[in-house]
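Commentary on secondary and tertiary structure
So the chains spell out like this:
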Amino acid sequence: MAWPVDLYRRVCFLFRSRRFERELEEEIRLHMEMQAEENRENGMDAEAAHYAAMRRFGNATLLLERSRETWGWITLETWIRDARYALRSMRQSRGFTATVLITLALGIGANTAIFTIVNAVMLRPLPYPEPDRLVRLWESNPQRGWLSFSASAPNFDDWRKLQSVFTELAAEEITTFNLTHDDDAVRVLSAGVTSSFFPILGVSPALGRNFIPEEEQAGHNHVALLSYGLWQRSFGADIGLIGRKIQLNSESYTVVGVMAPDFQFVRNTELWVPIVLDPAVRPWRADRSNHNLGVIGRLEPGVSVTQAQAQMDAIARRLEQQYPASNNGWGVRLQTFSEWIIPEDLRRALWVLFGAVGCVLLIACANLASLFLARATRRQREMMIRSALGASRMNLVRQLLTECLLLVSFGCVAGLLIARHGTDLLVACMPQDIPRLSEAALDFRALGFTLLLALLTSLAVGLAPAFQASHTDAGMAVLKGGSGNPAGGSRSRLRRLLVLMEIAVAFVLLIGAGLLARSFVRLQRVTLGFNPENVLTFQIALPDSRYRDSTRQAAFYARALERIRALPGVLAAGAATQLPLTRGNWAMGIGLEGQTASQAEALSVDARAVTPHFFGTMGIPLLRGSDFTDRDGPDSTGIIVSDDLARRAWPHEDPLGKKIRAGDGDFWRTVIGVVGDVRNISLARDSRPTIYFSAAQLGIGALTVVVRTTGNPESQVAAMRHVIASMDRSLPIYNARSMTAILAAASAQPRFNAALLSAFSLVALALATAGIYGVTSYAVAQRTHEIGIRMALGAGRSSVLRMVLRQNLTLVLVALGIGIAATSMLTRFISGMLFGVSPADPVTLGGIALLLAAVVLLASCIPAHRAARIDPVEALRCE
Amino acid sequence: MLILKTLARCGALHGYGIAKYIQQVTEEVLRVEEGSLYPALQRMLIKGWVTAEWVQSHPKRRARVYRLTPAGRRQLASEVSEFTRVMGAIARVIQPA
């Protein structure tokens, strides 16, 4: 029962520790005086008596400390004392502290920011129950190299009927609606889905209900599900909306439900309606070659993806045999949701960025370790004195570690701030189509990651110097005066090693950045096949209700385009179903006249529908024949093909007048013109064979209008809106942007990758340069004496210069060697991100190597110059 | 133990006094090292076996004087009995058969 009292006394001691020290000192002093008195009485003279008494006491300071120790707060006190001392020395060496803090804050902050993004996009599980059971189904045609094609409605139907490995399959078709509400027309990104869609994902509406299978039929399908955002924005979160009607494309739809606020499926769909797959209502659905459905499914419990793939392969083969004309060569490809939503190239890009940032942090740590090492050397004297006063090695190490830990913690806090803002900045700069990017926020994992990083950093940075500095053996030389360590000491060797590593890592990063930059430049220079300058684009969607037949649709567009062309500042105008380099694709199989049954392999091509003057507006050359005209209508049979298609289908003949059968059925169209190839899919992929229908022929209501202007295209948007509004007040135009903007968006990802990696590699270069500078200056300072002797013995300035530079040159060459070896191993990770440049591109390798060597030599020039200017007299005199 | 006994015998004593006393009484055989005296005194202060106070021993100096507490007396008694027990055991071993 003694210990509570014990503790109480100890705690009291804590508050009165200063008084305690004073009192104990006084007590000891008194003791010594009395002892000295006694000595004097015994015959010693005053001074000898005093010293004798002191000797008997031994080490008074140690005594004091041991007395304090018994009170038991020694650990806490030591830490506090170390911390206060550390803070004081931080304030004294402001430059050092500032450098360390900034380096740490940037390194830790950047790492955490990138990790947050990597976490949000890749590491977090998808927001559906059991997401690893969800699968995306694609139609694929490996012979043509097409692995991810949408499915056609008849194929989807057959899959549903014949499969047994999924609990259910669902289809989704992207569409848009014009939502008219309170005299306001707004365009809404929507999707038509089967009633099985949401149950497969495992989500249900927050309000109301899901679709029922009956609503997938014509006449019953005018129901809609809203997204939470749309419900809030356009309808003020009115609960009474459920059951009421809204106007979509000027038709009434009943709202049956609202989705939960956090529901997201790949894109920002705001409205869902039931999809009608019945071919009687939508004739094009009967075409097995018309691929426009996205299909998802949930695996039955216990079924693996491989098993499911095997069964779907079998089904695909059956369909191939049943419908050879359309399905020949077409198979099914399954892809897990995580593979699909986060594609391989995005994954790789993010990991590469993560690795790059990690490398930068590594270099920063190396620099810091070097700095700490140098500083510890300078404090050698202090360490020796403390050691003589009785500090154990543990004490010294602890002191240095505390300083280090304190600095790193401050750096960590600053780093977190940078991470927070950095994440926001990165999210704003990154290409917007990266999934789940908007949800990137600092969370537990990121926080834990940062703390771990800080811990590892402080260990990496502080440990080696701490142990090195407390080495008491080398200290004796220091006490005698002089700068101590010979230049070839193990400490400076460690620093040189660190710098070597820094240069090698910087080299690797620079190579990566250089390769990406060259790829990006190549990408920008590809031949597009059209002229994107000064072209404005926007979309219109004519609602079925008021523009039910194709004549009316064609008439609308013809008139609209005519009026647009009449505007001042407009050179040309046309429209098409889809523009190059935009998302989504319409592909179909075609048959050629004169193919025998054995030759009848359906050629799969991209399909577009265009109005007259579209090619002229876009700058796509008309190579042969003629464009569509306004006289084309639903009965026309003309079709235009791309040059590539013409050369493939009719290699040595004139393509004009040849007949093509598009899709199933027996309707043959005649080729009336040939246009130049266009890069439709992406900048990196070559152009594909394309056929162009006349929009009037097919009766398409939703087209993208392109307008070539004399000046800045975006200044004409208001005029366009006016023209369309004057023709139909409830018709909005949407997605207005210039073609150059579309182009920029298409190259957004490579641009971002190149820019970010370049930024990191430049930072790495800067850090490595700083490292070299520091090490060289230090080496020169250490060898002042030696250099003085050399110069006194007759060495010229230039030979001293050469001596210093030669040392560094060896260093650089070794580092480059290591760097090249590392590069050859690591660039396979980047090779997927490159375009038109090989990972071992000699131009890049050579250029970067030269750059690095030049920078390093430049950095070592300044200290070398300083070395050459050493006055030998001064050098030999001062020690 | 020796410190406690010294204080028991002499009442109130300062550090120097304790050391001197032990030295004298044991006729220089045992000497308390100053380096261990003060830490020992601190330990006893914590445990509550002694109390300390400052007295003006001289017009110009003051000394810190230690006094035994009842708890200290009890501790002394138990230490002494323990010591005696151990002594007895050793004596039995050493004694000529």
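Quick caveat, the model's predicted, so the values are computed rather than measured.

Calculation rules
Within each chain, residues carry numbers counting from 1 in the order of the written sequence. Whichever chain is written first becomes A and whichever ligand is written first becomes 1, with later ones labelled in order. Restriction of local features to residues with pLDDT of at least 70 applies here, the model being predicted, together with a cutoff of 80 or more for giving and counting side-chain atom pairs; totals for whole chains, interfaces and linings are based on all residues. Working from all heavy atoms in the structure, the side-chain values ignore hydrogens and water. By definition, any uninterrupted DSSP run of H or I lasting at least four residues is a helix, any uninterrupted run of E lasting at least two residues is a strand, and each is numbered from the N terminus. Exposure classes here rest on a 1.4 Å probe applied to the protein chains alone. A residue is buried below 20% of its type maximum, exposed above 50%, and partly exposed in between. By the convention used here, residues are in contact when the closest approach between their heavy atoms is within 4.5 Å. Working definition of a nonpolar core: buried Ala, Val, Leu, Ile, Met, Phe, Trp, Tyr and Cys residues. They are joined through side-chain atoms within 4.5 Å. Residues with no salt bridge and a relative accessible area higher than 30% make up the patches, which join like charges within 9 Å and nonpolar side chains (Val, Leu, Ile, Met, Phe, Trp, Tyr) within 5 Å. Per-residue and other accessible areas were derived by the Shrake-Rupley procedure at a 1.4 Å probe size, with only the shown protein chains allowed to occlude residues. We define a salt bridge as a contact between a side-chain nitrogen of Lys or Arg and a carboxyl oxygen of Asp or Glu at a distance within 4 Å. In this tally, Asp and Glu contribute negative charge and Lys and Arg positive charge; neither His nor the terminal groups of the chain are included. Charge positions are represented by NZ for Lys, CZ for Arg, CG for Asp and CD for Glu. Think of it this way: DSSP has to see at least two bridges between two strands before they count as a pair. Lines fitted to the C-alpha atoms define the axes, with helices restricted to the stretch that makes contact. Angles between their N-to-C directions range from 0 to 180 degrees. Note on terminology: angles under 35 degrees are roughly parallel, angles over 145 are roughly antiparallel, angles of 65 to 115 are roughly perpendicular, and the others are oblique. Note: crossing handedness is left-handed where the near helix turns anticlockwise from the far helix by less than a right angle, and right-handed where it turns clockwise. Note that Gly is not counted as nonpolar here; it falls among the polar residues with everything else outside the nonpolar set of Ala, Val, Leu, Ile, Met, Phe, Trp, Tyr, Cys and Pro and the charged set of Asp, Glu, Lys and Arg. By this rule, a helix spans an expected 1.5 Å times one less than how many residues it contains. Of all possible arcs, the one meant is that of the directions from the helix axis to the C-beta atoms. In this analysis, rings of Phe, Tyr and Trp, with Trp reduced to its six-membered ring, are considered paired at centre separations within 6.5 Å, and the interplanar angle assigns stacked below 30 degrees, edge-to-face beyond 60, and tilted for intermediate values. Comment: the charge-over-ring label is applied if NZ (Lys) or CZ (Arg) is within 6 Å of the ring centre and within 35 degrees of the ring normal.

What follows deals with the side chain of S89 of chain A. All names here are of chain A. Residue placement: S89 occurs in helix 5 (residues 74-92). Taking the relative accessible area as the measure of exposure, S89 reaches 8% and is therefore buried. Here S89 is in contact with R375 and E403, once residues within four sequence places are set aside.

Right, let's get into the nonpolar core. All names here are of chain A. In this structure, L201, W272 and F337 are the most contacted members of the largest nonpolar core, which totals 108 residues. Per element, the largest residue contribution to this core is 15 residues, and it comes from helix 13 (residues 344-378). Here L201 is in contact with Y128, P129, L134, F263, F265, I296, R298 and F337, once residues within four sequence places are set aside. I540, V605, A649 and V674 belong to the second-largest nonpolar core, a separate cluster that totals 44 residues.

All names here are of chain A. A contiguous patch of positive charge on the surface is contributed by R18, R22, R84, R88, R91 and R94. Looking at the positive patch, the elements that each hand over two or more residues are helix 2 (17-41) and helix 5. With 3 residues, helix 5 is the single largest residue contributor to the positive patch. What makes R22 exposed here is its relative accessible area of 55%.

A word on the pattern of salt bridges. Considering all chains together, one arrives at 19 salt bridges over all chains under this definition. Between R647 of chain A and D643 of chain A there is a salt bridge, and its shortest N-O distance comes to 3.3 Å. Of this pair, R647 of chain A and D643 of chain A are both found in helix 21 (residues 643-649), 4 residues apart, which corresponds to roughly one turn of the helix. A relative accessible area of 21% places D643 of chain A in the partly exposed class. Here R85 of chain B makes a salt bridge to E82 of chain B, at a shortest N to O gap of 3.0 Å. Note that R85 of chain B and E82 of chain B are positioned in helix 4 (residues 70-94) at a spacing of 3 residues, about one turn of the helix. Assessed through its relative accessible area of 39%, E82 of chain B is described here as partly exposed. In this structure, a network of salt bridges that share partners links the residues E23 and E27 of chain A together with R64 of chain B.

What follows concerns the pairing of strand 8 (residues 245-248) of chain A. All names here are of chain A. Alternating positions in strand 8 separate cleanly, I246 and L248 being buried on one face and K245 and Q247 remaining unburied on the opposite face. Direction of pairing for strand 4 (residues 166-181) relative to strand 8: antiparallel, over a ladder of 2 bridges. Among the inter-strand pairings, T180 is bridged to a residue of strand 8, identified as Q247. Adjacent in sequence and paired antiparallel, strand 8 and strand 9 (residues 251-258) are bridged by 2 residues, among which N249 carries a positive phi angle near 50°.

Residue and element names in this part refer to chain A. Taken N-terminus to C-terminus, the directions of helix 27 (residues 797-826) and helix 28 (residues 842-868) make an angle of 150°; their axes are 9 Å apart at the nearest point. Of the possible angle classes, the one that applies to helix 27 and helix 28 is roughly antiparallel. Crossing handedness for the pair helix 27 and helix 28: right-handed. Residue-level contacts link R797, V800, L801, V804, L805, N808, L809, V812 and L816 of helix 27 to A849, L852, A853, V856, L857, S860, C861, A864, H865, A867 and A868 of helix 28. Its residues placed into classes, the contact of helix 27 with helix 28 shows 16 nonpolar, 3 polar and 1 charged.

Attention now goes to the environment of P131 of chain A. Residues and elements named next belong to chain A. Examined against the element boundaries, P131 turns out to sit in the loop between helix 6 (94-123) and strand 1 (134-141). Sequence separation of P131 and R298 is 167 residues, and the distance between their C-alpha atoms is 8.9 Å. Leaving out residues up to four positions away in the same chain, P131 has contacts with L126 and F337.

Attention shifts here to helix 10 (residues 305-322) of chain A. All names here are of chain A. Between its first and last C-alpha atoms helix 10 spans 25 Å; for 18 residues at 1.5 Å apiece the expected length is 26 Å, and the two agree. Listing the buried residues of helix 10 in full gives A308, Q309, M312, I315, A316 and L319. When helix 10 is viewed along its axis, its buried side chains cluster within an angular range of 125° and face the same direction. Among the exposed residues of helix 10, those pointing more than 90 degrees away from its buried face are T306 and Q321. Buried residues along helix 10 sit against strand 1, helix 7 (153-162), strand 4, strand 11 (291-299), helix 11 (324-327) and strand 12 (331-336).

Another aspect to go through is the packing of aromatic side chains. Residue and element names in this part refer to chain A. Under the counting rule described, the total for this entry stands at 19 aromatic pairs over all chains. Ring centres of F556 and Y557 lie 5.6 Å apart, and the angle between their planes is 85°; this geometry places the pair in the edge-to-face category. With a relative accessible area of 6%, F556 lands in the buried category. A ring pair is formed by F614 and F615, whose centres lie 5.8 Å apart and whose planes are at 65°; its orientation type is edge-to-face. Its relative accessible area of 3% is what places F614 among the buried residues. Joined through ring pairs, the aromatic side chains of Y128, W138, F197, F198, F263, F265, W272, F337 and W340 make up one cluster. Of note, R136 hangs over the ring of W138, and the distance from its end group to the ring centre comes to 3.9 Å.

All names here are of chain A. Look at A237: it is not a glycine, yet its phi comes out positive at around 55°. Its place among the elements puts A237 in the loop between helix 9 (228-235) and strand 8. With phi around 65°, L581 is a residue other than glycine that occupies positive phi space. With respect to the helices and strands, L581 occurs in the loop between strand 14 (570-576) and strand 15 (587-592). For L581, a relative accessible area of 9% translates into the label buried.

Next up on the list: the packing of helix 14 (residues 380-388) of chain A against helix 15 (residues 393-429) of chain A. A pair of packed helices can be characterised by two numbers: the angle between their axes and the separation between those axes. Residues and elements named next belong to chain A. Between helix 14 and helix 15, whose axes approach to 10 Å, the crossing angle comes to 140°. By the angle between their directions, the pair helix 14 and helix 15 is classed as oblique. Considering only the axes of helix 14 and helix 15, their crossing is right-handed. In this structure, helix 14 uses M383, R386 and S387 to contact helix 15, whose residues at the interface are L396, Q399 and L400. Residue composition of the contact of helix 14 with helix 15, by class: 3 nonpolar, 2 polar and 1 charged.

Turning to the sheet that holds strand 3 (residues 63-68) of chain B, a few remarks are in order. Residue and element names in this part refer to chain B. On the basis of which strands lie adjacent, the open sheet formed by 3 strands has the order 1-3-2 and antiparallel pairing. Two strands in the sheet have a free side with no partner beyond their single neighbour: strand 1 (13-14) and strand 2 (50-55). Of the strand pairs in this sheet, strand 2 and strand 3 are connected by 6 bridges, and their pairing is antiparallel. Within strand 3, the position partnered with V55 by the bridge is A63.

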